[in-house]
There are 2 protein chains.
Amino acid sequence: MEDSHISLAHGNGGRFMRELIEDIFARHLSNPDLDVQADAVPLDLHGRDIMFTTDGFTVQPLEFPGGNIGSLAVHGTTNDLAVAGSTTKYLSLNAFIEEGMEVEVLERIIKTLADSARAIDVQVVAGDTKVLRRGEGGGLYLATTGIGIRGSRTLGLDRIRGDDVILVSGPVGDHGIAVLLAREEFGLHGNVSSDAASVLPLTQEALKVPGLRFMRDPTRGGLATVAHELQRATAMGISLSQSHIPVRDPVQSVCDMLGYDPMYLACEGRVVAVVAPGDAELLLQRWQALPQGKNAAIIGNINAQGAHVLLQTVLGGERILEELEDDPLPRIC
Amino acid sequence: MEDSHISLAHGNGGRFMRELIEDIFARHLSNPDLDVQADAVPLDLHGRDIMFTTDGFTVQPLEFPGGNIGSLAVHGTTNDLAVAGSTTKYLSLNAFIEEGMEVEVLERIIKTLADSARAIDVQVVAGDTKVLRRGEGGGLYLATTGIGIRGSRTLGLDRIRGDDVILVSGPVGDHGIAVLLAREEFGLHGNVSSDAASVLPLTQEALKVPGLRFMRDPTRGGLATVAHELQRATAMGISLSQSHIPVRDPVQSVCDMLGYDPMYLACEGRVVAVVAPGDAELLLQRWQALPQGKNAAIIGNINAQGAHVLLQTVLGGERILEELEDDPLPRIC
């Protein structure tokens with residue numbers, strides 16, 4: 001492409017748009033099933049049961065320590081399939097590009113997206129680009145839709161029982177704080193990288209644990225929001241132990257300074273699992289044996305007698321963890 | 001929902017977002033396969049071959065005579081599957097909603113989207129919403145991704161031969177001009193409705209014609225852009241006859257006043273088909289027998305000796321129809 005910035009003509013269906021798609025998208029995403037000339041693409045799923053999910057991405061800034069909106073768009077959607085016990089095969093990609101965006105940045109992001117997909121053996125087979133007028137977009141928004149092969153295990157909120165144990169695969173809030181610091185609006189600098197990554201190694205290990213009931217990735221709204229989903233779905237109490245929930249020191253420090261609670265901050269590479277009491281240690285060991293899970297922890301349990309999300313505080317007290325209301329960090333994912 | 005306008009808190013993963021999804025999206029889109037609590041949804045495709053496509057929607061204004069961004073989001077994606085010879089079964093939906101949007105407008109749009117999907121027996125089974133800060137969005141952007149059952153006919157650009165005949169299912173440019181007039185920025189008023197609609201009745205009829213080679217819906221970039229795709233893919237000439245291309249009088253009048261060429265304007269409910277010479281009349285008759293196709297016409301042919309897209313003008317001359325460069329109408333779809 002000759003141009004260094006995106007113009008409205010890159011969105012009109014004509015020559016510039018075709019060149020943008022060929023030079024940036026098709027070149028990096030190339031695979032046997034991607035046909036930029038086709039209206040729709042056939043998928044070979046060999047008659048297997050499939051799973052379907054979608055996610056949108058608006059993170060600001062577009063690039064941050066540990067990733068960018070491109071890697072996030074792959075991990076966000078494939079992680080939703082992974083925690084459902086599936087393996088992603090195919091993705092579609094929508095890009096809403098703001099007029100004036102630097103082509104170099106766009107290319108870097110699409111290259112990262114392509115690399116992230118390739119690393120987990122996922123093919124981007126359908127796509128669409130739209131260009132938004134200057135001032136009508138935030139640089140770049142992405143949406144990805146995933147098709148996965150359904151796994152043999154049946155998981156679900158309805159399988160959760162009283163006394164089941166809750167685990168998290170690693171420290172919470174890294175993604176939220178990494179993005180916050182990358183915005184530089186608070187004049188803070190820190191050494192926090194986003195945890196954004198594929199959770200597939202974690203979910204594959206968890207699927208080997210017979211007593212596994214349910215998994216979820218604590219993204220927008222963080223661990224507290226997953227806890228509230230568990231509470232609502234089971235109509236039982238959720239007890240979490242603050243001292244057992246892993247939070248990195250720099251994440252806690254930034255939270256203390258700015259008044260954020262890491263319980264509500266987005267993760268993009270963690271898994272929350274609910275497991276039968278007898279298998280909690282087994283899952284913990286399996287996770288801790290993985291590089292992605294070395295800080296995994298048992299953080300609480302389902303309480304058949306309770307009716308709230310309760311946090312046992314470090315000081316020995318107990319408080320209700322409220323459902324998130326105000327948005328602590330817009331455009332975090 | 002109590003609020004009349006969208007706030008950032010509707011995008012944070014917490015209570016307001018849950019209520020937005022339950023009250024607006026899940027209520028209108030409700031179907032047995034939509035589970036707003038699930039990370040991913042299983043699809044029952046009975047082992048059949050599937051087709052996959054995606055499209056983004058940014059039309060401005062969000063509502064226009066003949067449709068809104070919600071109906072467009074259903075028709076745009078299901079039409080891509082229809083022209084590929086497939087029938088859509090499932091859609092996913094991404095909504096990027098700007099802070100400050102009126103909830104009433106959002107609800108009207110999602111209701112239209114749900115009605116449009118229901119009318120063609122399509123289920124919206126996965127979704128995601130993001131809220132953009134005021135000034136970082138254009139009200140509402142949508143993306144839909146479709147899964148269809150692959151039809152038995154094999155169509156494709158590679159099946160086109162010299163002397164094949166080109167048809168269009170109805171007048172071109174209605175959508176482009178309807179949206180343009182709805183913007184009211186030119187002080188023009190007119191009685192033009194968008195042609196936005198499902199093309200499934202048209203494609204189903206066309207699939208019964210043995211000599212059918214290829215179909216495409218002339219959206220962004222219009223008929224001229226489809227002609228250029230045909231030219232590039234076949235490396236043959238494309239001859240179009242201006243006097244045979246149906247254009248409604250009010251569409252032509254607005255084009256004459258503002259200097260637009262209807263050949264480049266978006267349609268959202270038309271089909272361009274390429275068919276073997278001996279079957280062109282059969283397809284024409286089949287289309288003309290449908291309410292959607294009563295103005296269908298044979299508009300040109302593939303010319304094995306040529307190398308350009310040529311338009312025989314009404315005055316008897318001939319001119320090269322150039323590939324679209326500048327964007328005539330941003331945010332048209």
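Given the structure is predicted, the values throughout are model-derived calculations rather than measurements.

Chemist: Explain the relation of the copies chain A and chain B here, please?
Modeler: In summary, the two copies of the chain are related to each other by a rotation about an axis coupled with a shift along it. Rotating chain A by 180° and moving it 0.0 Å along the rotation axis overlays it on chain B with an RMSD of 0.0 Å. One copy is carried onto the other by what is essentially a two-fold rotation axis. When each C-alpha of chain A is compared by its distance to the rotation axis, glycine 47 of chain A comes out closest, at 1.8 Å. Same-surface contact between copies: 100% of interface residues of chain A are shared with the interface of chain B.

Chemist: What exactly am I supposed to notice about the interface of chain A and chain B here?
Modeler: Interfaces are often sized by the amount of accessible area the parts lose when they come together. Across the contact, 75 residues belong to chain A and 75 residues belong to chain B. Interface area, chain A with chain B, both sides summed: about 5,900 Å², of which 53% is carbon and sulfur. At the boundary of chain A and chain B, one finds ten salt bridges. For the interface between chain A and chain B, the tally reads 29 residue pairs in polar contact (both at pLDDT 80 or more). Residue contributions to the side of chain A that touches chain B peak at eight residues, all from strand 2 (residues 50-57) of chain A. Looking at the side of chain A that touches chain B residue by residue, the class counts come to 35 nonpolar, 21 polar and 19 charged.

Chemist: Sorry, what's going on with the domain arrangement of chain A here?
Modeler: Residue and element names in this part refer to chain A. Taken domain by domain, chain A consists of domain 1 (37-150) and domain 2 (157-320). Measuring from the centre of the C-alpha atoms in domain 1 to the corresponding centre in domain 2 gives 25 Å. Opposite the 18 residues of domain 1 that make contact, domain 2 presents 22 residues. A combined buried area of about 1,500 Å² lies between domain 1 and domain 2, and 62% of that area is made up of carbon and sulfur atoms. Looking at the side of domain 1 facing domain 2, the largest losses of area belong to Pro65, Asn79 and Val83, adding up to 32% of the total buried there. There are zero salt bridges connecting domain 1 and domain 2. For the interface between domain 1 and domain 2, the tally reads five residue pairs in polar contact (both at pLDDT 80 or more). Elements with a minimum of two residues in the side of domain 1 that touches domain 2: strand 3 (63-64) and helix 2 (69-83). Examining the composition of the side of domain 1 that touches domain 2, we find that seven residues originate from one element, helix 2, more than from any other. Looking at the side of domain 1 that touches domain 2 residue by residue, the class counts come to eight nonpolar, eight polar and two charged.

Chemist: Got a minute to help me understand the confidence of the model for chain A in this structure?
Modeler: Reading predicted coordinates in detail is not appropriate for stretches of low pLDDT. For chain A, the average pLDDT comes to 91, and 97% of its residues sit at 70 or higher. Overall fold confidence for the complex sits at a pTM of 0.92, while the interface term, ipTM, reaches 0.91.

Chemist: Explanation requested: the pattern of salt bridges in the structure shown.
Modeler: Where charged atoms of side chains with opposite charge meet at close range, the side chains can pair. Summed over all chains, the structure comprises 44 salt bridges over all chains. Put simply, glutamate 323 of chain B and arginine 18 of chain A hold a salt bridge, and the shortest N to O gap is 2.9 Å. With glutamate 323 of chain B in the segment after strand 14 (318-320) and arginine 18 of chain A in helix 1 (residues 15-29), the pair connects residues from two separate chains. Judged by its relative accessible area of 17%, glutamate 323 of chain B is buried. Since its relative accessible area comes to 21%, arginine 18 of chain A is described here as partly exposed. We note a salt bridge from lysine 208 of chain A to glutamate 205 of chain A, for which the minimum N-O separation is 2.6 Å. Overall, glutamate 205 of chain A belongs to the buried group, its relative accessible area being 14%. Within the structure, one salt-bridge network assembled from shared partners comprises Arg18 and Glu22 of chain A together with Arg232 and Glu323 of chain B.

The rules behind these values
Residues numbered from 1 in each chain as written. Chains lettered and ligands numbered in written order. Predicted model: local features only at pLDDT ≥ 70, side-chain atom pairs only at ≥ 80, totals over all residues. Heavy atoms only, no water. Least-squares fit on C-alpha atoms with pLDDT ≥ 70 in both. Contact = heavy atoms within 4.5 Å. Buried area = accessible area lost by both parts, 1.4 Å probe. Salt bridge = Lys/Arg side-chain N within 4 Å of Asp/Glu carboxyl O. Polar contact = N/O pair within 3.5 Å; in protein donor to acceptor, adjacent residues only side chain to side chain. Helix = DSSP H or I, 4+ residues; strand = E, 2+ residues; numbered from the N terminus. Nonpolar A, V, L, I, M, F, W, Y, C, P; charged D, E, K, R; others polar. Domains from an automatic or database assignment. pLDDT = per-residue confidence, 0-100. Buried < 20%, exposed > 50% of the residue type's maximum accessible area, 1.4 Å probe, protein only.

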